[in-house]
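So you can see what is in the structure, the chains are spelled out below.
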Amino acid sequence: MEDKLTLIKVIADTNSQGTVLEELPAEYLSDQKFKLCASPGLALGLAKGDTIKLHPSGDFELIKHGGNFCIQIYNEQPIKEKIKVAESIVKRELSGSLDGFHNGSLAFTAPISNGFHATNNVFNKIRNLLESEYYYSNIYKNPYNLEDEELVSWARDLD
């Protein structure tokens with residue numbers, strides 16, 4: 001059987017030097033459709049378990065939400081031991097995971113079945129531990145418009 005796991009590149013941002021792409025592990029489904037195997041640390045609007053259609057440019061369309069929050073944290077001077085503690089807390093209290101850590105950017109996944117209240121409680125602990133704010137990167141309808149706080153439909157329906 002052919003291995004369906006691959007690395008894909010999605011647009012995370014653009015800057016004066018051009019397009020910033022983020023590499024993510026994914027399962028190839030068919031016809032340029034992929035299921036994400038990790039939450040992104042830079043790209044917005046996606047989380048582990050989501051099904052997307054990927055365009056050659058790195059643009060993507062969310063086809064199906066996978067049932068997870070993506071929580072991103074940026075910490076300029078991370079302490080490895082504290083990150084391990086944060087990872088343990090997310091796993092134990094939310095059945096979540098730390099999906100990636102690179103250059104101070106951390107990407108966590110937590111099932112939405114925990115709801116906002118429980119997820120916030122856990123990430124408030126992690127915020128205090130890491131001394132860094134957290135951000136739900138996949139709950140906004142227009143994630144790249146920081147002034148638009150309209151939630152996607154599934155997030156509006158949570159506690």
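Look above for the structure.
Residues numbered from 1 in each chain as written. Predicted model: local features only at pLDDT ≥ 70, side-chain atom pairs only at ≥ 80, totals over all residues. Heavy atoms only, no water.

Peer 1: An account of the sheet that holds strand 3 (residues 33–36) is needed here, citing residue identities and associated values.
Peer 2: Ordered in space as 1-2-3-4-5, the five strands form an open sheet in which the pairing is antiparallel. Sheet topology places strand 1 (5–15) and strand 5 (60–64) at the edges, where each strand pairs with a single neighbour. Across this sheet, the average inter-strand angle for adjacent strands is 45°, counted without regard to direction. As defined by bridge partners, strand 3 adjoins strand 4 (residues 51–54) across three bridges and the pair is classed as antiparallel. (Pairing = 2+ DSSP bridges. Helix = DSSP H or I, 4+ residues; strand = E, 2+ residues; numbered from the N terminus. Axes fitted to C-alpha atoms, helices over the stretch in contact; angles between N-to-C directions.)

Peer 1: Requested: an account of the side chain of N138, with residues and values cited.
Peer 2: For N138, the location among the structural elements is in the loop between strand 9 (134–136) and helix 3 (153–156). A polar contact of 2.9 Å, which involves the side chain of N138, links it to the backbone oxygen of N68. A distance of 2.9 Å separates a polar side-chain atom of N138 from the backbone nitrogen of C70. (Polar contact = N/O pair within 3.5 Å; in protein donor to acceptor, adjacent residues only side chain to side chain.)

Peer 1: Which residues make up unusual backbone geometry, and what values go with them?
Peer 2: Phi is mostly negative for residues that are not glycine, and the peptide bonds are mostly trans. Non-glycine residue S95 carries a positive phi angle of around 55°. Note on placement: S95 falls in the loop between helix 1 (80–94) and strand 7 (97–102). S95 sits in the exposed class, given a relative accessible area of 60%. A positive phi is found at N103, a non-glycine position, where the angle reads about 50°. Looking at the secondary structure, you find N103 in the loop between strand 7 and strand 8 (105–111). Residue N103 is classed as exposed on the basis of its relative accessible area of 62%. (Buried < 20%, exposed > 50% of the residue type's maximum accessible area, 1.4 Å probe, protein only.)

Peer 1: Pulling in residues and values, what's your account of the packing of helix 1 against helix 2 (residues 115–130)?
Peer 2: Their axes nearest at 10 Å, the elements helix 1 and helix 2 cross at an angle of 170°. Regarding the angle of helix 1 to helix 2, the classification is roughly antiparallel. Across the interface between the two elements, K82, I83, V85, A86, I89, V90, E93 and L94 of helix 1 pack against A118, T119, V122, F123, K125, I126, L129 and L130 of helix 2. (Parallel < 35°, antiparallel > 145°, perpendicular 65-115°, else oblique. Contact = heavy atoms within 4.5 Å.)

Peer 1: So what's going on with the pairing of strand 3? Which residues, and what values?
Peer 2: A one-sided burial pattern is seen for strand 3, the buried positions being F34 and L36 and the unburied ones K33 and K35. Where strand 2 (residues 18–30) meets strand 3, four bridges bridge the pair, whose relative direction is antiparallel. When the sheet's bridge partners are listed, Y28 is paired in strand 3 with F34. Count of turn residues in the strand 2/strand 3 antiparallel hairpin: two residues, of which D31 carries a positive phi of about 45°.

Peer 1: Describe the pattern of salt bridges, with residues and values.
Peer 2: Applying the stated rule across the entire model yields six salt bridges. Across the salt bridge formed by K125 and E93, the nearest N and O atoms sit 2.9 Å from each other. You can see K125 sitting in helix 2 and its partner E93 sitting in helix 1, a full 32 residues away along the chain. Within the structure, one salt-bridge network assembled from shared partners comprises R92, E93 and K125. (Salt bridge = Lys/Arg side-chain N within 4 Å of Asp/Glu carboxyl O.)

Peer 1: I'd love a proper account of helix 2, names of residues and values included.
Peer 2: For helix 2, built from 16 residues, the straight-helix expectation of 22 Å at 1.5 Å per residue is met to within 8% by its first-to-last C-alpha distance of 22 Å. Restricting attention to buried positions, one finds in helix 2 the residues G115, F116, T119, V122, F123, I126 and L130. Take helix 2 and look down its axis: the buried residues cluster within an arc of 140°, on one side only. Of the exposed residues in helix 2, the ones pointing more than 90 degrees away from its buried face are H117 and N128. Elements that come into contact with the buried residues of helix 2 comprise strand 6 (68–74), helix 1, strand 8, strand 9 and helix 3. After helix 2 finishes, the residue E131 shows a positive phi value of roughly 55°. (Expected span 1.5 Å × (residues − 1). Arc of directions from axis to C-beta.)

These figures capture arrangement, not role.
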